[in-house]
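Single-letter residue listing:
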Amino acid sequence: MATSAKSSSTKAKAGRTRRTGRRDPLAITLLKKDHREVESWFDEYEQLEADAEKLALFNKIALALKVHTRIEEEIFYPEERGEVEDDMLDEAYVEHDGAKKLIAEIEAMKPSDDYYDAKVKVLGEYIKHHVKEEEQPGGIFAQAKKGDEDLEAMGQRMKARKEELMAEMGGKQPN
């Protein structure tokens, strides 16, 4: 008997993703997964010394951010308009625009150029700020979860679009 109680207890703990015990809908789960992945890559970048490694990792970060922003701008943000405060969505679009411009500047540089590392660091800080605003209580994700949109179905569309974009844009990367 103790074994079955232990396994069901373990199973319950393993299924939890938040303190409430309820998991996020697919659309939110996918976006948060992207956030964690890119955050870890920015942390990893800080440890690198070789220019080739820096370039390869930055290209990976840039691709992930380009795909992520496209998915949010094509699917998530437009479908959440009306569910999420307009000013929050407007700020998110502006933050995306700033990140895209900084990515383009970095892509035009070489890791040995002055300010390359500084620009990558600032981009990372910029992204962390944006992620915090999306994920904080009362933020875009919290408001979206309270809305009427089907975030599971939206997540399926986002997942399919991400696969398309990765195939399309991923081939252009020098990794």
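Before reading further, recall that the structure is shown in the block above.
First, a word on scope: everything that follows refers to the structure included in this document. The shown structure was predicted, so the numbers you read here are calculated from the model rather than taken from an experiment. (Residues numbered from 1 in each chain as written. Predicted model: local features only at pLDDT ≥ 70, side-chain atom pairs only at ≥ 80, totals over all residues. Heavy atoms only, no water.)

1. What to know about the packing of helix α3 (residues 51-80) against helix α5 (residues 116-135)
Okay, so step 1: The geometry of α3 relative to α5 is characterised by a closest axis approach of 12 Å and an angle of 30° between their N-to-C directions. Taken together, the axes of α3 and α5 are roughly parallel relative to one another. For the crossing formed where α3 meets α5, the hand is left-handed. Together, Lys54, Leu55, Phe58, Leu65, Glu72 and Tyr77 of α3 and Tyr116, Asp117, Val120, Leu123, Ile127, His130 and Glu134 of α5 make up the contact between the two elements.
Okay, so step 2: Grouping the constituent residues of the contact of α3 with α5 by class yields eight nonpolar, one polar and four charged. (Axes fitted to C-alpha atoms, helices over the stretch in contact; angles between N-to-C directions. Helix = DSSP H or I, 4+ residues; strand = E, 2+ residues; numbered from the N terminus. Parallel < 35°, antiparallel > 145°, perpendicular 65-115°, else oblique. Left-handed = near helix turned anticlockwise from the far one by under 90°. Contact = heavy atoms within 4.5 Å. Nonpolar A, V, L, I, M, F, W, Y, C, P; charged D, E, K, R; others polar.)

2. A word on empty space enclosed by the protein
Okay, so step 1: Counted under the stated rule, the structure contains one cavity of 30 Å³ or more.
Okay, so step 2: One number sums up the size of the largest cavity: a volume of about 90 Å³.
Okay, so step 3: Sorting the residues of the lining of the largest cavity by element identifies α2 (26-45), α3 and α5 as the ones contributing at least two each.
Okay, so step 4: Per-class residue counts for the lining of the largest cavity are four nonpolar, five polar and one charged. (1 Å grid on protein atoms, 1.4 Å probe; cavity = no way out; pocket = protein on both sides within 12 Å on 5 of 7 lines; lining within 4 Å. Points joined across faces, edges and corners; volume = space filled by probe spheres on them.)

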